[in-house]
Amino acid sequence: MTDVAEVNETASKTPLGVKNKSRAVKWYRSVFYNATILGLCSFAAPGLWGAMNSLGAGGGQSPYLVNTGNALTFCLMVISCWLTSGIIRYIGIKGALFIGTIGYAPYSAGLYLNNRYGVEWLVIVGAAFCGISAGVFWAAEAAIAIAYPEPHNRGRMVAYWLTWTRIGQILGGAINLGLNADRNQAGKVSYTVYIVFIALQASGTLVALLINRPDQVQRPNGTPVQLAIFDNPWQEIKSTTKAFLTKKFLFIVLWIGQGVYSEAVFFTYNALWFSVRARALGSFLSGIVAVICGNLLGLWLDQHHIPLKKRSRSAFAVIMALQGAWWLWLAINVTEFRRTQPIFDWGDPGFGRAFGVFVFLVSGFQLNYNFSYFIIDQISSSPQETIRLAALLRGTESASRNEV
């Protein structure tokens, strides 16, 4: 990993160690423009999906049907992530991003019908559609986020892109909080929330058409973006499998798993122990805190005057220490709540202790996410390998979420 990392750290320089001269860039071909379009797609698709889940149980009263649907989604995502590099061979990275946005709205439609009419089958069917398309989307967006920015600006651009995902959660929480501010009991959120979410998620498919192909992107230093697959699909499947079995990826599998495992846990925690409006407040505030933490991490990782080893090791140590503390806090709370069976509203005694751990766990999830892309960037040695490793990263995340 060290040799590859050193190459990536100096990739924005010429062989003589002198940075390329800046050049004029058309705004609609810029890295920032593409990061914004990618962020808007993430906002409309996984961002609003996360917003519904951050309400607990997809906004429903019981988490069990939604957890079943999510388990199906993540199972299918493991498969579709694995196949993504072969799909990109034929439809390109832009086509993969477009296809990947299609399945989110049917899942939200299933939640709407379940919330309003008690229909359960569309939750499962929608989850299947979501799983098939979302795996392609996740792998494609990760590859774009890593490959499009200049190496010296990658940490901040990844953090900026992921900010949009949390904006979906923040907006969803704000909408739901406004519609349910007077509901201080357990229960379902207003079905009006789902109508708004479905419309926004459907718009993500159109936004994906605005992303530039890699050969169209213009960097200020003039270096081209290389992100393409040249092998046939079967060869890509074999190459992706081989990449998974390499030592450098196997060493981070457990770390990836611990980072995303918490998601289903804290969403279920939110559904079981909080009132409707407290759940909405959690969705809103946790998204804001997560955005702040993620951008601070991206800023730190881009401090190239500090040695790479110091940046990476210190970030890893802080993330792991905080993650352990928050899991311990959660375990203490859940042990007590299983005995007392409370439903917390924001005016109740003990609300802060119960609520705070949810906010911090969402922030920890964001920190782990950001750092995952940093690791993939450092261990990747070619554009094709970036696509494969990004797909494997998202597939491993999906499998880890399914462990809950």
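Here, the structure is the one placed above.
Residues numbered from 1 in each chain as written. Predicted model: local features only at pLDDT ≥ 70, side-chain atom pairs only at ≥ 80, totals over all residues. Heavy atoms only, no water.

A. Main features of the packing of helix α12 (residues 351–379) against helix α13 (residues 383–401). Contact geometry of α12 with α13 gives a least axis separation of 9 Å together with a crossing angle of 150 degrees. By the angle between their axes, α12 is roughly antiparallel relative to α13. Note on packing geometry: the crossing formed by α12 with α13 is right-handed. Between α12 and α13, the residues in contact are F365, Y369, S372, Y373, I376 and I379 and E385, L389, A390, L393, R394, E397 and R401, respectively. Across the contact of α12 with α13, the residue classes tally to eight nonpolar, one polar and four charged. (Axes fitted to C-alpha atoms, helices over the stretch in contact; angles between N-to-C directions. Helix = DSSP H or I, 4+ residues; strand = E, 2+ residues; numbered from the N terminus. Parallel < 35°, antiparallel > 145°, perpendicular 65-115°, else oblique. Left-handed = near helix turned anticlockwise from the far one by under 90°. Contact = heavy atoms within 4.5 Å. Nonpolar A, V, L, I, M, F, W, Y, C, P; charged D, E, K, R; others polar.)

B. Spatial organisation of α13. The end-to-end C-alpha distance of α13 is 27 Å, a good match for the 27 Å that 19 residues give at a rise of 1.5 Å each. Judged by how many residues are buried, α13 sits mostly within the fold: 17 of 19 residues are covered. (Expected span 1.5 Å × (residues − 1). Buried < 20%, exposed > 50% of the residue type's maximum accessible area, 1.4 Å probe, protein only.)

C. Expanded view of the nonpolar core. One finds Y269, F274, F371 and Y373 to be the most contacted residues of the largest nonpolar core, which totals 102 residues. It is α12 that provides the largest number of residues to this core, a total of 17 residues. With sequence-adjacent residues up to four places away left out, F274 is seen in contact with Y269, R279, I343, F344, F351, A354 and F355. (Core = buried A, V, L, I, M, F, W, Y, C linked by side-chain atoms within 4.5 Å.)

D. Representation of the packing of helix α4 (residues 104–117) against helix α7 (residues 192–207) within the structure. At a closest axis distance of 9 Å, the pairing of α4 and α7 adopts a crossing angle of 170 degrees. By the criterion of interaxial angle, the relationship of α4 to α7 is roughly antiparallel. Across the interface between the two elements, Y104, A105, S108, A109, L111, Y112 and N115 of α4 pack against Y194, I195, I198, Q201 and A202 of α7. Residue composition of the contact of α4 with α7, by class: nine nonpolar, three polar and no charged.

E. Seen up close, the packing of aromatic side chains. According to the stated counting rule, one finds 28 aromatic pairs in the structure shown. Taken together, the ring pairs in this structure connect Y269, W273, F274, F337, F344, F351 and F355 into an aromatic cluster. (Phe/Tyr/Trp six-rings, centres within 6.5 Å; stacked < 30°, edge-to-face > 60°.)

Any functional reading would require information that these geometric values do not contain.
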